[in-house]
Amino acid sequence: MIFDPQNIILKKIGNAADESGYRIFVVGGYVRDLILGVIDNDIDIMVLGDGIQFAELIAEKFKKPLDAVYKNFATALLNIDGYKIEFASARKESYNRSSRKPEVETAGLNEDLSRRDFTINALALGLNEDNYGILTDNFNGYRDIQDKIIRTPLDPLKTFDDDPLRIMRAVRFASRLNFKIDDRAFDAIKKMKDRLTEDKVVSQERITNEFLQILMTDKPSYGLDLLFKSGVMDTIFPELSALAGVEQRKEYHHKDVFYHTLIVVDNISLKTENLWLRFAALVHDIAKPRTKKFIEGTGWTFHGHEELGARMMKKIFIRMRLPINKLEYVEKLVRMHLRPIPLAKDDVTDSAFRRLAAEAGNELEDLLILCRADITSKNPDKVSRFMNNYVLVEKKIIEVQEKDELRNFQSPVRGNEIMEICGLKEGREVGIIKSKIEEAILDGEIKNDYEEAKKYLLDIKDKLLSSIMINKSKPPRLKKSAGS
Ligand code: ATP
Ligand code: MG
């Protein structure tokens, strides 16, 4: 099979390899994405022989220094024209159970391809003239891309045992590409899941990085549910898997909070690419299991779950090595996620809206996005009623803010300048002139704009000053005094 990458840079690199006697291939994600019709700016080039030496040669040709060299991995990085090109020596790996860092030896094309995580990532495209665009596909990766299957080239148990991070990668690729993980691989994931956190074989940072990438896919519920069904969620984020389950007592049952959460995350992912807003959606109900109570005659309650949920965040952020500078944002959204609900009634005071807006601060808009995503009722009438409530809340907040802005509104030409232009000292007259300008703005005679206000002041100043002076020169009214 032939795939012309139609990429001028790859063609040039291929020519350079021919001139200098190297055999090179483009491998990994770029080939997979090319077949899927997706444009990728990360290119991995496999070099039979010394990858770093070849990278140096290319860097010279493009008159650019290498951007990084990793001697331990026989790898070098070069950024050209918006492409991130990684050159690596073809290698084979052997693993020791206490580490996911393998012993590395240089190898041939086939050995290198067989150490790769999934068949869809184990494809190589020739770049030399005699095999330009020819696909090497030793494990039916092309067929698996067509069939949308994530499968390991070798025994899946060994693949995940050697490097348990591949468990997270399998779920990430499945969720990103909307592929199915094949049954044998999925069974192996179930068996090997504890290796992820065992003996620190994989760093927490890497697990978290994959987890967050799953959260950034178009439909995160797919990957999150795979994590749950395989038992991986229990290993890496037990507070989330604890949300699953429905309990029934008498005629009362509560909804499955885990599946509710997945819908909320999918809803919010349609509206935002903000990872931390998506994360807040993921954890907004996290304290429901800990606050759950059955009350006779009322049913299930989760009183205070929003506050306890916010308080649970710090420990989770630390354990998962999440960036601490996002903690406050997530805590705030979790803590406030129920607050807008009661404000949709008619008899709510302005100050309640003012308080919500002040407390939410810059996060007000995100809070309302979260509230809308939290509506997961299957009853369309209810959904539209609840959605409409938030439209009302938003309208009321804007109204109150506009009122407040008018209340705090001031003439754009300030007191000092009025004194200077009119030759006045501090006093009542300055205030009178200022309110004249403000009224003209409020009446729409002039715009709320410095230049217009100043021009208006210059226009009215003489008339205004003389009328103020006339009033001033009138003899003061006599105070009533005893005897008059
Ligand atoms: P992405 O689009 O996410 O970058 P990718 O397939 O390019 O996807 P990378 O992490 O950039 O993924 O890795 C490049 C290639 O290296 C992969 O396609 C795969 O062949 C191989 N690879 C990466 N990580 C592993 C791993 N942990 N085990 C085995 N092979 C891996
Ligand atoms: Mg890549």
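Residues numbered from 1 in each chain as written. Chains lettered and ligands numbered in written order. Predicted model: local features only at pLDDT ≥ 70, side-chain atom pairs only at ≥ 80, totals over all residues. Heavy atoms only, no water.

**Regarding the packing of aromatic side chains**
Thinking step 1. The full count for this structure, using the stated rule, is 12 aromatic pairs.
Thinking step 2. Aromatic pair phenylalanine 228 and phenylalanine 258: ring centres 4.5 Å apart, planes at 35°, arrangement tilted. Note that phenylalanine 228 is positioned in helix H10 (residues 220-230) and phenylalanine 258 in helix H13 (residues 257-269), a separation of 30 residues in sequence.
Thinking step 3. Classification of phenylalanine 228 by relative accessible area gives partly exposed; the value is 25%.
Thinking step 4. Its relative accessible area of 1% is what places phenylalanine 258 among the buried residues.
Thinking step 5. Every member of this aromatic cluster is reached through a ring pair, and the members are Phe211, Phe237, Trp276, Phe279 and Phe317.
Thinking step 6. Over the ring of tyrosine 132 we find lysine 11; its NZ or CZ atom is 3.9 Å from the centre of that ring.
Thinking step 7. It is lysine 288 that lies over the ring of phenylalanine 302; its NZ or CZ is 4.6 Å from the centre. (Phe/Tyr/Trp six-rings, centres within 6.5 Å; stacked < 30°, edge-to-face > 60°. Helix = DSSP H or I, 4+ residues; strand = E, 2+ residues; numbered from the N terminus. Buried < 20%, exposed > 50% of the residue type's maximum accessible area, 1.4 Å probe, protein only. Lys NZ or Arg CZ within 6 Å of the ring centre and 35° of its normal.)

**Focus on the domain arrangement of the protein chain**
Thinking step 1. Here the domain parsing of the protein chain yields domain 1 (1-141), domain 2 (271-403) and domain 3 (415-473).
Thinking step 2. Taking only C-alpha atoms into account, the centre of domain 1 sits 74 Å from that of domain 3. (Domains from an automatic or database assignment.)

**What about the pattern of salt bridges?**
Thinking step 1. A full pass over the atoms with the stated rule returns 34 salt bridges.
Thinking step 2. Between aspartate 130 and arginine 23 there is a salt bridge, with the nearest N and O atoms lying 3.2 Å from each other. Taken together, the residues span a long stretch of sequence, with aspartate 130 in the loop between strand S8 (124-126) and strand S9 (135-136) and arginine 23 in strand S1 (residues 23-27) at a distance of 107 residues.
Thinking step 3. The class for aspartate 130 is exposed, based on a relative accessible area of 57%.
Thinking step 4. Taking relative accessible area as the criterion, arginine 23 reaches 32% and is therefore assigned partly exposed.
Thinking step 5. The shortest N-O distance in the salt bridge between arginine 143 and aspartate 144 comes to 3.7 Å.
Thinking step 6. You can call arginine 143 partly exposed: its relative accessible area is 41%.
Thinking step 7. Of the residues examined, aspartate 144 reaches a relative accessible area of 3% and is grouped as buried. (Salt bridge = Lys/Arg side-chain N within 4 Å of Asp/Glu carboxyl O.)

**Focus on the pairing of strand S2 (residues 42-48)**
Thinking step 1. As paired strands, S1 and S2 are joined by 5 bridges and run antiparallel to one another. For valine 26, the partnering residue across the bridge sits in S2 and is isoleucine 45.
Thinking step 2. When S2 meets strand S5 (residues 83-89), the two strands line up parallel, connected through 6 bridges. Residue pairing for S5: aspartate 42 is matched across the bridge by lysine 84. (Pairing = 2+ DSSP bridges.)

**A short note on the packing of H13 against helix H14 (residues 275-283)**
Thinking step 1. Running from N to C, H13 and H14 cross one another at 160°; their axes reach a closest spacing of 8 Å. Between H13 and H14, the crossing angle belongs to the class labelled roughly antiparallel. Crossing of H13 over H14 shows right-handed handedness. Facing Thr261, Val264, Val265, Ile268 and Ser269 of H13, the residues of H14 in contact are Leu277, Arg278, Ala281 and Leu282.
Thinking step 2. Of the residues contributing to the contact of H13 with H14, the split by class is 6 nonpolar, 2 polar and 1 charged. (Axes fitted to C-alpha atoms, helices over the stretch in contact; angles between N-to-C directions. Parallel < 35°, antiparallel > 145°, perpendicular 65-115°, else oblique. Left-handed = near helix turned anticlockwise from the far one by under 90°. Contact = heavy atoms within 4.5 Å. Nonpolar A, V, L, I, M, F, W, Y, C, P; charged D, E, K, R; others polar.)

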